[in-house]
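Examining the three-dimensional arrangement
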Amino acid sequence: MATAEIEAPVDALEAFRAHAREWLGAHFPPSLKGKDNAMSAVEGPHENTPEEAAWQQAMGEKGWGVPTWPKEYGGGGLSRDEARVLQEEMARIGAWNPIGGMGVMMFGPTLLEYGSEEQKREHIPAIAKGIVRWCQGYSEPGAGSDLASLQAFAEDRGDHYVVNGQKTWTSGGQWADKCFMLVRTDKTRKHEGITFLLCDMDTPGVEVKPIRLISGSSPFCETFFTDVKVPKANRVGEEGQGWTIGKRLLQHERSSLSGGGSTAGRMFSGAPLGQLAKKYVGVDEQGRIADADLRSRIVRHEMDLRAFMLTLRRASAEAKSNQGPSAATSIMKNVGARIMQERSELLIEIRGLAGLGWEGEGFEEEALKDVRTWLFGKAVSIYGGSTEIQNNVIAKRILGMLDHQ
Ligand SMILES: Cc1cc2nc3c(=O)[nH]c(=O)nc-3n(C[C@H](O)[C@H](O)[C@H](O)COP(=O)(O)OP(=O)(O)OC[C@H]3O[C@@H](n4cnc5c(N)ncnc54)[C@H](O)[C@@H]3O)c2cc1C
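Taking an unreviewed UniProt entry as the reference, the protein is identified by name as Acyl-CoA dehydrogenase belonging to Sphingomonas psychrotolerans. Its UniProt record, at the heading Sequence similarities (unreviewed entry), says of the protein: "Belongs to the acyl-CoA dehydrogenase family." Its UniProt record, at the heading Cofactor (unreviewed entry), says of the protein: "FAD".

Take the packing of aromatic side chains next. Overall, the coordinates contain 11 aromatic pairs when judged by the stated rule. Summarising the aromatic geometry, the rings of F107 and F180 are spaced 5.4 Å apart at their centres and angled 5° between planes, so their arrangement reads as stacked. Within this pair, whereas F107 is found in helix α5 (residues 102-114), its partner F180 is found in strand β4 (residues 178-184), the two being separated by 73 residues in sequence. No difference in accessibility class separates F107 from F180, as the two residues are buried. Taking 6.3 Å as the distance between ring centres and 5° as the angle between the ring planes, the aromatic pair formed by F180 and F196 counts as stacked. With a gap of 16 residues between them, F180 in strand β4 and F196 in strand β5 (residues 194-200) connect regions that are remote in the sequence. Each of the two residues, F180 as well as F196, counts as buried. Just above the ring of Y161 sits the side chain of K232; from NZ or CZ to the centre is 5.2 Å. The residue whose ring lies beneath R372 is W358, and the NZ or CZ to ring-centre distance is 4.1 Å.

Parameters and conventions
- Residues numbered from 1 in each chain as written.
- Predicted model: local features only at pLDDT ≥ 70, side-chain atom pairs only at ≥ 80, totals over all residues.
- Heavy atoms only, no water.
- UniProt positions renumbered as here; feature names shortened; annotations may be inferred.
- Phe/Tyr/Trp six-rings, centres within 6.5 Å; stacked < 30°, edge-to-face > 60°.
- Helix = DSSP H or I, 4+ residues; strand = E, 2+ residues; numbered from the N terminus.
- Buried < 20%, exposed > 50% of the residue type's maximum accessible area, 1.4 Å probe, protein only.
- Lys NZ or Arg CZ within 6 Å of the ring centre and 35° of its normal.

Written as structure tokens, this is what we have:
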């Protein structure tokens, strides 16, 4: 009896593995193997090739881009174990998830928790199919780390709000269809005066100005709101509950940024550092990486990375069986950011002169990608809440230290 109870789920999981394997074999075009671009989410939308479009549509319809989200809203409805098996089967054939972005990383999970039934039915299926792009309207020129100082104001006009103010660092704002934002609905109370609103980016009065970077690309924007009408139906939760909902979203963001499966997670992928080092730095008479100091730093890094990935898996399993991500995501974000930046530094060091190109012939595609990832990686310890702010969260919420300690 006991044996049967244990065996049944394993059998079911193996049956699911067979199904996933067959389905992926039928739908993932082998020509797309390894063609996932870790930076695409921040470099802007690119025109999908017919194969990419078909892959995205297939995954969207199956709900496997968001495998554990409820089926009734277009998710995969898979258990955690099934989702892990799916990931393993995808990795086995070099398949990647074509559905991502802020809708998947942070807004969707938050709406599933706090949204009304109508809001979930309206927004979640489109996120699950990857057909609506969301941006985040949190930061303002005077409200970064001290986010609760935000000033964008939503005035109550009965059945709608009228929003005025400015947001900044709106990643992908110029390509987004919709924005989830924090606004002030009460000027007399700081945290309790904040409300969570959803705004269509094509509403009259929304103006997006891309910020041009030294690289020439402009993935970040200043977003201006002038007398923008937002229906009350677009308010998530109650008026004044925005801080609670907004913080929850940040936990999802940090959990995702620490390597939980999105952009950051993919930054850890690529050729093993040891292999690359042997190619670029050469080997000694025993076949080891020639530079002993580099060799030991690579080994230390790979061990840190493995320990981190295992801890991440454990933390995410814990989060799913408890109340979702906790303040511990701040630890994961800080460690993840450090490891990611360290990995990028090592990659550039290993490539030597070949790792100094920004664009142009004479540089391998992979090397150019590594340089971009290295430069972008500088921002990892800033966005989603800087390292110092995570340290504050860890001190207060995890270690229970008071502000003055
Ligand atoms: C690449 C990138 C993409 C981003 N995308 C978005 C987006 O899509 N939407 C959005 O809303 N925002 C976005 N941001 C903004 C991001 O959330 C903020 O940059 C971040 O919260 C830090 O705020 P700040 O830049 O105003 O720095 P500040 O808050 O001015 O901080 C400056 C420095 O002071 C430190 N500091 C500040 N307060 C404290 C304190 N109390 N204790 C200790 N140290 C402190 C900080 O850690 C930091 O080192 C993005 C930022 C980057 C870099």
